[in-house]
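Take a look at the letters that make up each chain.
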Amino acid sequence: MNQPLAYIHPEAKIAHNVVIEPFSTIYKNVEIGEGTWIGPNVTIMEGARIGKNCKIFPGAVISSVPQDLKFAGEETIAVIGDNTVIRECVTVSRGTIDKMRTVVGSNCLIMSYAHIAHDCIVGNNCIVVNAVQMAGHVEMGDYAIIGGSSAVHQFVKIGAHAMISGGSLVRKDVPPYVKAAREPLTYAGINSIGLRRRGFTSEQINEIQQLYRILFMSGNNNTEALDRIELEMAPSKERDEILNFVRNSGRGIIKSYLGKDAN
């Protein structure tokens, strides 16, 4: 159901049962999946790939040209997964030559005034709260949550199931399953409530807690702590995910709340 006051480029590919409200603009080279609702005053620019059953609220701009001086007009895209909700005045830039795409996964909630810059990769079931500002090339794992008005430095990685406090300045990588708070951003325990809600067993949660006690509270540096974890803790999906994340951190991980630098 396309309102007569909306503009839709004739080359845009709009699936069955998409609703486009008045005063919205859909550019060419856009694809929108079945059942999606595009609210009034939304702008969907070239390169947008929007999934099924999404809701995009007034004022949002999807697949805008990257705010990157190195961008040279290459043909890139911005992907929005199925069942994702994008609230008022959110901006999502399309990719650059680095990844050629910006991705927001399925079942995400991106709240009002958030910005997701070029080449960001946001996983599934993520929540980005009001006014979060994500610089380019940020990666965010499944089920991660970023609190309102936080700013995330370019190239930062946020692990799956992590939860970052509102108003945070995220300059370092945040490992999976943790809570991060304070200034500078610091390890504040594991996200045990979120993990229980998502079906993690008490044994899994206890294992993750013990692992982070060694990493953040033992007084060892990262290399020593990771060696201890491998020696003392049996292999598991969670253990190996954390070990790989820390070892492959490009920016270094956040500090221990004891004040020791975890890098």
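Residues numbered from 1 in each chain as written. Predicted model: local features only at pLDDT ≥ 70, side-chain atom pairs only at ≥ 80, totals over all residues. Heavy atoms only, no water.

1. Thoughts on the sheet that holds strand 26 (residues 178-181)
Pairing within the open sheet is mixed, and its 10 strands lie in the order 3-6-9-12-15-18-21-24-26-27. Both edges of this open sheet fall to strand 3 (19-20) and strand 27 (186-190), since each of them pairs with a single strand only. Set on the sheet, helix 2 (residues 202-217) makes contact with strand 26 and strand 27; between it and strand 27 the angle comes to about 155°. (Pairing = 2+ DSSP bridges. Helix = DSSP H or I, 4+ residues; strand = E, 2+ residues; numbered from the N terminus. Contact = heavy atoms within 4.5 Å. Axes fitted to C-alpha atoms, helices over the stretch in contact; angles between N-to-C directions.)

2. Brief notes about helix 4 (residues 237-247)
Within helix 4, the full set of buried residues consists of Glu-238, Arg-239, Ile-242, Leu-243, Phe-245 and Val-246. One side of helix 4 carries all its buried residues, which in axial view fall inside an arc of 165°. Contacts from the buried residues of helix 4 go to strand 23 (157-158), helix 2 and helix 3 (222-232). (Buried < 20%, exposed > 50% of the residue type's maximum accessible area, 1.4 Å probe, protein only. Arc of directions from axis to C-beta.)

3. Here we look at the environment of Thr-43
Within the element layout of this structure, Thr-43 appears in strand 7 (residues 43-44). Along the sequence, Thr-43 and Thr-91 sit 48 residues apart, while their C-alpha atoms lie 9.6 Å from each other. Excluding anything up to four places from it in sequence, Thr-43 contacts Thr-25, Tyr-27, Ala-60, Val-61 and Ile-62.

4. Here we look at unusual backbone geometry
The omega torsion across Glu-183 and Pro-184 is 0°, close enough to zero to call that bond cis. Positionally, Pro-184 belongs in the loop between strand 26 and strand 27. One non-glycine residue, Asn-107, lies in the positive phi region at around 60°. Backbone geometry at His-161 places phi at a positive 65°, although glycine is not the residue there. Examined against the element boundaries, His-161 turns out to sit in the loop between strand 23 and strand 24 (163-164).

5. Some details on the pairing of strand 26
Bridge analysis of strand 24 against strand 26 gives 2 bridges, and the strand direction is parallel. Along strand 26, the bridge assignment pairs Ile-164 with Ala-180. Between the antiparallel neighbours strand 26 and strand 27 lie 4 residues, among them Arg-182 with a positive phi of about 70°.

6. Some details on the pattern of salt bridges
Taken as a whole and judged by the stated rule, the model has 11 salt bridges. With a closest N to O distance of 3.5 Å, Lys-99 and Asp-98 form a salt bridge. Assessed through its relative accessible area of 29%, Lys-99 is described here as partly exposed. Arg-247 is the salt-bridge partner of Glu-230, the closest N and O atoms lying 3.2 Å from each other. Here Glu-230, found in helix 3, pairs with Arg-247, found in helix 4; they are 17 residues apart in sequence, far enough to count as distant. Put simply, Asp-98, Lys-99 and Glu-139 are held in one network by salt bridges that share partners. (Salt bridge = Lys/Arg side-chain N within 4 Å of Asp/Glu carboxyl O.)

7. Let's talk about the environment of Gly-141
Here Gly-141 is to be found in the loop between strand 20 (139-140) and strand 21 (145-146). Measuring from C-alpha to C-alpha, the distance between Gly-141 and Ile-158 comes to 6.0 Å, with 17 residues separating the pair along the chain. Among all residues touching Gly-141, those that are not within four sequence positions of it are Gly-123, Cys-126, Ile-158, Gly-159 and Ala-160.

8. Things to note about the domain arrangement of the chain
Assigned domains of the chain: these are domain 1 (7-137) and domain 2 (195-256). Centre-to-centre, using C-alpha coordinates, domain 1 lies 34 Å away from domain 2. (Domains from an automatic or database assignment.)

9. A short note on the UniProt feature "domain: UDP N-acetylglucosamine O-acyltransferase C-terminal" (unreviewed entry) in the chain
In the numbering adopted here, UniProt assigns the feature "domain: UDP N-acetylglucosamine O-acyltransferase C-terminal" (unreviewed entry) to residues 173-254. Here residues 173-254 runs as 54% helix and 11% strand, with 6 Å between its end C-alpha atoms. (UniProt positions renumbered as here; feature names shortened; annotations may be inferred.)

10. Quick word on the sheet that holds strand 7
Pairing within the open sheet is parallel, and its 9 strands lie in the order 1-4-7-10-13-16-19-22-25. Single-partner strands in this sheet number two, and they are strand 1 (7-8) and strand 25 (169-170). Sheet topology note: the strand 16 (residues 115-116)/strand 19 (residues 133-134) ladder contains 2 bridges and is parallel. Within the sheet, the bridge partner assigned to His-115 lies in strand 19 and is Gln-133.

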